[in-house]
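What follows is each chain in one-letter form.
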Amino acid sequence: MAAKIKKGDRVVVLAGRDKGRSGDVIQVQPKEGRALVRGINTVKRHQKQTGKHEAGIVTKEATIDLSNLAIADPKDGKATRVGFKILDDGRKVRFAKRSGDLIDG
């Protein structure tokens, strides 16, 4: 199955603490069905001091389930479903079902 959400996509959160907020996908974990989104689902972690890092409480993003994310429509930024179509030159591209705009430029 082709991936509907990929790294670099702009997504909108549909459910949970950050509902309605949007951010860019940093990483997708397809086997777990989860994604890391910049600025979304932030958690505080206590960190031990190492050679690279100071000790203290660090805020970082936790993964969020793919079912709670939707692609943001390129036209208006609202949540949309994703469809696939094959162009005349044979490329398979994603498009927003809401507006019909191509997601993969």
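Described below are features of the structure shown in this document. Every chain is numbered on its own, with residues counted from 1 as its sequence reads. It should be noted that, the model being predicted, local features are given only for residues of pLDDT at least 70 and side-chain atom pairs only at 80 or more, the latter also being counted only at that level, while totals for whole chains, interfaces and linings use all residues. Processing note: side-chain calculations cover all non-hydrogen atoms of the structure and skip hydrogens and water entirely.

1. Description of the overall build of the protein
Thinking step 1. The helix and strand labels rest on DSSP assignments: H or I over at least four residues marks a helix, E over at least two residues marks a strand, and numbering proceeds from the N terminus. The helix and strand inventory of the protein stands at 0 helices and 10 strands.
Thinking step 2. Beginning at the N terminus, the succession of helices and strands in the protein can be written as β-β-β-β-β-β-β-β-β-β.
Thinking step 3. Against the compact-globule benchmark of 13 Å for 105 residues, the protein has a radius of gyration of 17 Å, which places it well outside the compact range.
Thinking step 4. Expressed along its principal axes, the backbone C-alpha trace of the protein runs to roughly 55 × 25 × 20 Å.
Thinking step 5. Across the 105 residues in the protein, those meeting the buried criterion constitute 27%.
Thinking step 6. Throughout, a residue-residue contact means that at least one pair of heavy atoms, one from each residue, lies within 4.5 Å. If you take every contact in the protein between residues at least 6 apart in sequence, the share linking residues at least 24 apart comes to 36%. Note on method: radius of gyration uses C-alpha positions; expected globular size equals 2.2 Å times residues raised to 0.38. Whether a residue is buried, partly exposed or exposed follows from its accessible area with a 1.4 Å probe, protein chains only, as a fraction of its type maximum: under 20%, in between, or over 50%, in that order.

2. Focus: the nonpolar core
Thinking step 1. Counting 11 residues, the largest nonpolar core is built from Ile5, Val11, Val13, Val25, Ala35, Val37, Ile40, Ile64, Leu69, Ile71 and Val82.
Thinking step 2. Looking at this core, the elements that each hand over two or more residues are β1 (10–13), β3 (34–37) and β7 (69–72).
Thinking step 3. Other than its neighbours up to four places away in sequence, Ile5 contacts Val11, Val25, Val28, Leu66, Leu69, Ile71 and Arg94. The criterion is simple. A nonpolar core is a set of buried Ala, Val, Leu, Ile, Met, Phe, Trp, Tyr and Cys residues joined through side-chain atoms within 4.5 Å.

3. Focus: the pairing of β3
Thinking step 1. Judged from the 4 bridges that link them, strand β2 (residues 22–29) and β3 form a sheet pairing that is antiparallel. Within β3, the residue paired with Val28 across the bridge is Ala35.
Thinking step 2. Between β2 and β3, which pair antiparallel one after the other, the connecting turn spans 4 residues, and Gly33 there sits at a positive phi close to 70°. At least two bridges found by DSSP between two strands is the condition for calling them paired.

4. Remarks on the packing of aromatic side chains
Thinking step 1. To pair, rings of Phe, Tyr and Trp, with the six-membered ring standing in for Trp, must have centres within 6.5 Å; the planes then decide the type, stacked if under 30 degrees apart, edge-to-face if over 60, and tilted in the middle. Counting across every chain of the model gives 0 aromatic pairs.
Thinking step 2. Directly above the ring of Phe95 sits Lys85, whose terminal nitrogen or CZ lies 4.7 Å from the centroid.
Thinking step 3. Counting as a charge over the ring demands two things of the Lys NZ or Arg CZ atom: a distance within 6 Å of the ring centre and an angle within 35 degrees of the ring normal. Across from the ring centre of Phe84, 4.9 Å away, lies the NZ or CZ of Lys92, which sits over that ring.

5. Notes on the environment of Ala62
Thinking step 1. Along the chain, the position of Ala62 falls in the loop between β5 (56–61) and β6 (64–65).
Thinking step 2. With 28 residues separating them along the chain, Ala62 and Arg34 place their C-alpha atoms 9.7 Å apart.
Thinking step 3. With near-sequence residues (within four places) excluded, Ala62 lies in contact with Ala35, Leu36, Ile40, Asn41 and Val43.

6. Some thoughts on the sheet that holds strand β8 (residues 79–80)
Across a sheet, paired strands are connected by hydrogen bonds in the backbone, their directions being either parallel or antiparallel.
Thinking step 1. Strands sit in the order β6-β3-β2-β1-β7-β8 across an open sheet of 6 strands; the sheet is antiparallel. Two strands close off the open sheet at either side, each with one partner strand: β6 and β8.
Thinking step 2. The pairing of β7 with β8 spans 2 bridges and is antiparallel. Directly across from Ile71, in β8, lies its bridge partner Thr80.

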